[in-house]
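Each chain, written out:
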Amino acid sequence: MSLSAVLLAVGSSPTPTPSESTTPAVPSLQDAQESATNAASWVEQNWSTWLAIGLRVLLILVIAGVLRVMVRRAITKLIDRMTRTVQAVDGTALGGLLVNVERRRQRSQAIGSVLRSVASFLILGTAALMILGTFQINLAPLLASAGVAGVAIGFGARNLVTDFLSGVFMILEDQYGVGDSIDAGVASGEVIEVGLRVTKLRGDNGEIWYVRNGEVKRIGNLSQGWATAGVDVTVKASEDLDRVKATLDEVAEKMSKEEPWNELLWGPIEVLGLDSVLLDSMVVHVSAKTMPGKSLTVARELRWRVKRAFDAADIRIVGGATAQPEEGEAAADTAVAAVAAPSVYSNADSPQSAAASPIVAPRPAAK
């Protein structure tokens, strides 16, 4: 191939050309004016809608805030009024429900906290749903999801919910409070703290019981209203009943006038009569209405005074339901008991002894 042909072939092939550089298009003044005009028209068309939505949201928030403040203030005043109220029972100076300062304070705080929390939750929750509805958000999926979540939480934490609801009703009904002595079935003792979920009791030996409110099926409150101190006096059947009653009345009258028993006794000490009459003893029952939690103290003091008064009046108190024999009778019984009962077996010639004796083979005669 000749050089001219090669040059001809090279010259006929296309030569690569550099790519043309692309420069961004600069918006013109007319384009900017058109965009501003569109934005202004959009704002002009929708400003009334956004302004209405904003005013509606602001109005909802203001109403919710004012209503929440008013409800919380009303609850606080109601709780304070409940705390200061003490009802009189049977004309006594003390109320039917004995409460101290700490008990009323804890009860009012618990009730107020529960009511204020419930009121705030309802008011703010309703306001939030109304605000979402203002923005035209579909609330059906949200409410359905909340319902499913609530059911799941309810099943998973049913014990917690039970304890909480039981605690709320216990506090609202004032079944017990700080300082009360109660029998809760699972434990008993003095209440030292009342909560919405757990009640703390101080046992007789100093131990602290944490009792879940949902586990309490029945409550025996030993500190509400009044208590009864009962004493059974067992005397011989030969004692003069009029003399016994006169001695008991004297003890009761004297004890009712002395301090501090005149404050612990909420009623007269009454001799109610005979509880039982046996062959050689009889039981006289004495009863008194006392301050709650003081029945054992009053009963012990009453037994002490009755024993001393009966000793002074030479009235014998027997130790049990059946009277013990006199000293002479006891000596005679002891002497008789020391002698064995006669038996037919004591006589070796009796038929019984012969029948019980072993049979002995006769010996052969000696040769």
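Nothing here was measured: the structure is a model prediction, and the numbers come from that model.

Draft legend 1. Structural view of the overall build of the protein chain. Counting secondary structure elements, the protein chain contains ten helices and eight strands. A sequence separation of at least 24 residues applies to 65% of the contacts in the protein chain between residues at least 6 apart. Carbon and sulfur atoms provide 61% of the accessible area of the protein chain, an area that totals close to 25,700 Å².

Draft legend 2. Just the sheet that holds strand 1 (residues 181-183), in detail. The strand order 4-3-2-1-5 describes an open sheet built from five strands, whose pairing is antiparallel. Edge positions in the sheet fall to strand 4 (208-212) and strand 5 (220-221), since each of these pairs with one other strand and no more. In terms of strand pairing, strand 2 (residues 188-194) meets strand 3 (residues 198-202) through four bridges, oriented antiparallel. Following the sheet pairing, E193 is matched in strand 3 by K200.

Draft legend 3. How the structure looks around the sheet that holds strand 7 (residues 270-277). If you walk across this open sheet you meet the three strands as 6-8-7, and the pairing is antiparallel. The sheet is open, and its two edges are formed by strand 6 (227-236) and strand 7, each paired on a single side. The sheet shows a mean angle of 25° between the axes of neighbouring strands, direction not considered. Strands strand 6 and strand 8 (281-290) of the sheet are contacted by helix 8 (residues 295-312), whose axis makes an angle of about 25° with strand 6.

Draft legend 4. Focus on the pairing of strand 2. By the bridge criterion, three bridges tie strand 1 to strand 2 in an arrangement that is antiparallel. Following the sheet pairing, S181 is matched in strand 2 by E190. Counted between consecutive antiparallel strands, the loop separating strand 1 from strand 2 contains four residues, among which G185 sits at a positive phi close to 85°. Joining the antiparallel neighbours strand 2 and strand 3 is a turn of three residues.

Draft legend 5. How the structure looks around helix 5 (residues 158-173). The end-to-end C-alpha distance of helix 5, which contains 16 residues, comes to 22 Å, matching closely the 22 Å that a straight helix rising 1.5 Å per residue would cover. Within helix 5, the full set of buried residues consists of D163, G167, V168, M170 and I171. Buried positions in helix 5, seen along its axis, are confined to an arc of 165° and lie on one side of it. Those residues of helix 5 that are exposed and angled more than 90 degrees off the buried face are R158 and E173. Two residues or fewer after helix 5 comes D174, characterised by a positive phi angle close to 55°.

Draft legend 6. Broad picture of unusual backbone geometry. In the segment running from E259 into P260, the intervening peptide bond is cis, with an omega of 0°. By the secondary structure assignment, P260 is in the loop between helix 6 (241-257) and helix 7 (261-264). For D314, which is not glycine, the phi torsion reads 60° and is therefore positive. For D314, a relative accessible area of 64% puts it in the exposed group.

Draft legend 7. Structural context of helix 6. For helix 6, spanning 17 residues, the distance from its first C-alpha to its last is 25 Å, which sits close to the expected 24 Å at 1.5 Å a residue. When we look at burial in helix 6, the residues that qualify are V244, T247, L248, V251, A252 and M255. Down the axis of helix 6, the buried side of the element spans an arc of 135°, and every buried residue falls inside it. Exposed and oriented more than 90 degrees from the buried face of helix 6 are D242, E250, K254 and K257. Of the surrounding secondary structure, the elements contacted by the buried residues of helix 6 are helix 7, strand 7, strand 8 and helix 8.

Draft legend 8. Main features of the packing of aromatic side chains. Scanning the model with the defined rule gives zero aromatic pairs in all. One cation-aromatic arrangement involves K289 over W226; the distance from NZ or CZ to the ring centre is 4.4 Å.

Draft legend 9. Highlighting the nonpolar core. L248, I269, V298, L302, V306 and F310 are the most contacted members of the largest nonpolar core, which totals 25 residues. Among the elements of the structure, strand 6, helix 6, helix 7, strand 8 and helix 8 are those that each provide at least two residues to this core. Per element, the largest residue contribution to this core is six residues, and it comes from helix 8. The contact partners of L248, leaving out residues within four places of it in the chain, are V271, V284, V286, V306 and F310. The next biggest cluster of nonpolar side chains, apart from the first, holds 17 residues, and it includes Y176, A187, V191 and V216.

Draft legend 10. A look at the environment of T297. Inspection of the secondary structure assignment puts T297 in helix 8. Overall, the relative accessible area of 35% leaves T297 in the partly exposed class. The sequence separation of T297 and L264 amounts to 33 residues, and the corresponding C-alpha distance is 9.2 Å.

Draft legend 11. Local environment of the packing of helix 6 against helix 8. Interhelical geometry of helix 6 versus helix 8 gives an angle of 130° and a closest axis separation of 10 Å. Considering their axes alone, helix 6 and helix 8 lie oblique with respect to each other. For the pair helix 6 and helix 8, the crossing hand works out as right-handed. Contacts between helix 6 and helix 8 involve V244, T247, L248, V251, K254 and M255 from the former and V298, E301, L302, R305, V306, A309 and F310 from the latter. Looking at the contact of helix 6 with helix 8 residue by residue, the classes come out as nine nonpolar, one polar and three charged.

Draft legend 12. Seen up close, the pattern of salt bridges. Here the structure, examined in full by the defined rule, presents nine salt bridges. Among the salt bridges present, the one from R305 reaches E258, with a minimum N-O distance of 2.6 Å. A residue pair is termed long-range when its members are at least 10 positions apart, and R305 in helix 8 and E258 in the loop between helix 6 and helix 7 qualify at 47 residues. With relative accessibility at 17%, the residue R305 sits in the buried group. With a relative accessible area of 27%, E258 lands in the partly exposed category. Three or more residues are tied together by salt bridges with common partners; here these are D163, R212 and E215.

Rules and cut-offs
Residues numbered from 1 in each chain as written. Predicted model: local features only at pLDDT ≥ 70, side-chain atom pairs only at ≥ 80, totals over all residues. Heavy atoms only, no water. Helix = DSSP H or I, 4+ residues; strand = E, 2+ residues; numbered from the N terminus. Contact = heavy atoms within 4.5 Å. Areas by Shrake-Rupley, 256 points an atom, 1.4 Å probe, with all protein chains shown as cover. Pairing = 2+ DSSP bridges. Axes fitted to C-alpha atoms, helices over the stretch in contact; angles between N-to-C directions. Expected span 1.5 Å × (residues − 1). Buried < 20%, exposed > 50% of the residue type's maximum accessible area, 1.4 Å probe, protein only. Arc of directions from axis to C-beta. Phe/Tyr/Trp six-rings, centres within 6.5 Å; stacked < 30°, edge-to-face > 60°. Lys NZ or Arg CZ within 6 Å of the ring centre and 35° of its normal. Core = buried A, V, L, I, M, F, W, Y, C linked by side-chain atoms within 4.5 Å. Parallel < 35°, antiparallel > 145°, perpendicular 65-115°, else oblique. Left-handed = near helix turned anticlockwise from the far one by under 90°. Nonpolar A, V, L, I, M, F, W, Y, C, P; charged D, E, K, R; others polar. Salt bridge = Lys/Arg side-chain N within 4 Å of Asp/Glu carboxyl O.

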